[in-house]
Amino acid sequence: MMDGNGNIKVPEELKAKYLFRLPQAYNFADYIWPGLLMSPQRILAIRDIEFQPSDIIIASYPKSGTTWVSELVSAIVHNGDTEAIKAKRQHERVPWLELNTDYAWVKLYDFWQSAQKALGYSPTVKEEDEKKSKPVARVWFTHLPLELLPKSALEGGCRIIYVSRNPKDNAVSFFHFHQMARFLGQQTTTWEEFFPLYASGDIYCGSWFEHVLSYWTFSRVNKHVLFLKYEDMKKDLSREVSNICDFIDFDLDNEARKRVIHHCTFDTMKNNRMANREGVWLFNQARSKFMRKGVVGDWKNYFTVGQSEIFDQLYSYKMKGSNLDYEFDPEEPFEGEKTKL
Ligand code: PPS
């Protein structure tokens, strides 16, 4: 399946089927984009955003732990005031950088959200509490490939936290995501169809290898970029919280730190409507939960022996010389996050 240059050949009709199933799909800068959310105009316009040094961008290939890191960073910059952040949905605290906010449906959604607050169906924050819990930094998340990041971010104008995940678990999570994300067409694509598309990178956000390796190389020569791995966070969340705090020069006292860690465990986040994307129109959680399993090693339930062998070959080829490697198997059963306090 892989040629001598590390390319995976995907039948043309499979690629066409994927594009057909992706609502308003278009090609821009050599990537496939879901037209329900993003426009070339928006992607070009954000190239010129001027960031402040305290701003933080959380970047990732989709399904790598973006929401997890977003909740962690949001909790940290709110000084561990987890009660305050429970009163606001994550996307209000950590917006999606490349989302085209000019679309009528986005405006309608914002209006609906405000109406829910006004009618008391959704928590509201009192003005005095809003002031008290003001975050010390602005935070966004993005799935943009490195070369499309705003220029000011590339030039060190803000901090970037990149989170990555082993590509086998990432593929499985992305497969389920395609079934529930309305903007990806709630695709009924089978795993057999999805696997070659993922391996070749003929999908939204392109190749995992290109995305991750470009940010990895960038992080090694730029002090304003922190590179994280999902598997490290599963192993020792406390250590990664310290890592993030050091990176953004922020001190959390011990109590605040405990609160942040508890607030960001899989079970707490799964049951927190403000973090689990419940009620967000973009996702049909009746098909698959956003907070699905949150484990390392779920790929074993999907990859056939043959697919695993092909992927291992591809992985060795693409990652060679990068000095970057991932854990694919949990060392011990992951019954819950190790939260060394
Ligand atoms: S997205 O749509 O790209 O923003 O998705 P993303 O947030 O990057 O990834 C979603 C996966 O991350 C898992 N997740 C977590 N795992 C462990 N602990 C916590 N707290 C946590 N929060 C989110 C989520 O369950 C998705 O992985 P899967 O494997 O599908 O369960």
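This text follows the structure it describes.
Just so it is clear, the structure is predicted and the values come from calculations on it, not from any experiment.

A. Structural detail: the overall build of the protein. Looking only at helices and strands, one finds 16 helices and six strands in the protein. Along the first, second and third principal axes, the C-alpha atoms of the protein reach 60 × 45 × 40 Å. Split into buried and exposed, the 341 residues of the protein put 56% on the buried side. Excluding contacts between residues fewer than 6 apart, the proportion of contacts in the protein whose partners are at least 24 apart in sequence is 77%. Total accessible area on the protein stands at roughly 15600 Å², and carbon and sulfur atoms take up 51% of it. Charge-centre separation for the protein: the mean point of 44 positive side chains lies 3 Å from the mean point of 46 negative side chains.

B. Focus on the layout of surface pockets. What the largest pocket holds in volume is close to 860 Å³. Taken together, 44 residues make up the lining of the largest pocket; nearest its centre are Thr67, Phe141, Arg277, Phe283 and Phe290. Elements supplying a minimum of two residues to the lining of the largest pocket: helix H3 (66–77), helix H5 (90–93), helix H6 (104–118), strand S4 (139–142), helix H9 (167–180), helix H12 (230–235) and helix H15 (266–270). Among the elements that line the lining of the largest pocket, the one with the most residues is H6, at four residues. Broken down by secondary-structure element, the contributors of at least two residues to the lining of the second largest pocket are helix H1 (12–21), strand S2 (31–33) and helix H10 (191–200). Looking at side-chain class alone, the lining of the second largest pocket contains eight nonpolar, seven polar and seven charged residues.

C. Inspection of the sheet that holds strand S6 (residues 225–229) at higher detail. Strand order in the open sheet formed by four strands is S4-S3-S5-S6, and the pairing between neighbours is parallel. The sheet is open, and its two borders are formed by S4 and S6, each paired with just one other strand. Neighbouring strand axes in the sheet, compared pairwise and without regard to direction, differ in orientation by 20° on average. Bridge count between strand S5 (residues 159–164) and S6: five bridges; the pairing is parallel. Bridging across to S6, Tyr162 finds its partner in Phe227. Across the face of the sheet, H3 comes into contact with strand S3 (56–60), S4, S5 and S6 while running at roughly 165° to S3. Together, S5 and S6 form the strand contacts of helix H13 (residues 237–247), whose direction differs from that of S6 by roughly 170°.

D. The arrangement of the site of the ligand in detail. The environment of the ligand is made up of 22 residues, and the closest members are Thr66, Thr67, Ser173, Tyr230 and Lys293. Between the ligand and Gly65 there is a distance of 3.0 Å, counted from an oxygen atom to a backbone nitrogen or oxygen. The site holding the ligand turns out to be the largest pocket. Here the residues of the shell around the ligand are counted per class, giving nine nonpolar, eight polar and five charged.

E. Region of interest: the packing of H10 against helix H16 (residues 305–319). Relative orientation of the contacting elements H10 and H16 amounts to 5°, with a least axis distance of 11 Å. One finds that H10 runs roughly parallel with respect to H16. In this structure, H10 contributes Trp191, Glu192, Phe195, Tyr198 and Ala199 to the contact, and H16 contributes Gln307, Ile310, Phe311 and Leu314. A per-class count over the contact of H10 with H16 returns seven nonpolar, one polar and one charged.

F. Broad picture of helix H11 (residues 208–221). End to end, H11 covers 21 Å across 14 residues, agreeing with the expected 20 Å (1.5 Å per residue, within 8%). Within the sequence span of H11, burial applies to Trp208, Phe209, His211, Val212, Leu213, Tyr215, Trp216, Phe218 and Ser219. With a side-chain oxygen positioned 3.1 Å from the backbone nitrogen of Phe209, the residue opening H11 is Ser207.

What counts, and at which threshold
Residues numbered from 1 in each chain as written. Predicted model: local features only at pLDDT ≥ 70, side-chain atom pairs only at ≥ 80, totals over all residues. Heavy atoms only, no water. Helix = DSSP H or I, 4+ residues; strand = E, 2+ residues; numbered from the N terminus. Buried < 20%, exposed > 50% of the residue type's maximum accessible area, 1.4 Å probe, protein only. Contact = heavy atoms within 4.5 Å. Areas by Shrake-Rupley, 256 points an atom, 1.4 Å probe, with all protein chains shown as cover. Lys, Arg positive; Asp, Glu negative; His and termini not counted. Charge placed at Lys NZ, Arg CZ, Asp CG, Glu CD. 1 Å grid on protein atoms, 1.4 Å probe; cavity = no way out; pocket = protein on both sides within 12 Å on 5 of 7 lines; lining within 4 Å. Points joined across faces, edges and corners; volume = space filled by probe spheres on them. Nonpolar A, V, L, I, M, F, W, Y, C, P; charged D, E, K, R; others polar. Pairing = 2+ DSSP bridges. Axes fitted to C-alpha atoms, helices over the stretch in contact; angles between N-to-C directions. Near = heavy atom within 4 Å. Polar contact = N/O pair within 3.5 Å; in protein donor to acceptor, adjacent residues only side chain to side chain. Sits in = over half its atoms within 2 Å of the grid points. Parallel < 35°, antiparallel > 145°, perpendicular 65-115°, else oblique. Expected span 1.5 Å × (residues − 1).

Just geometry here; none of it tells us what the structure is for.
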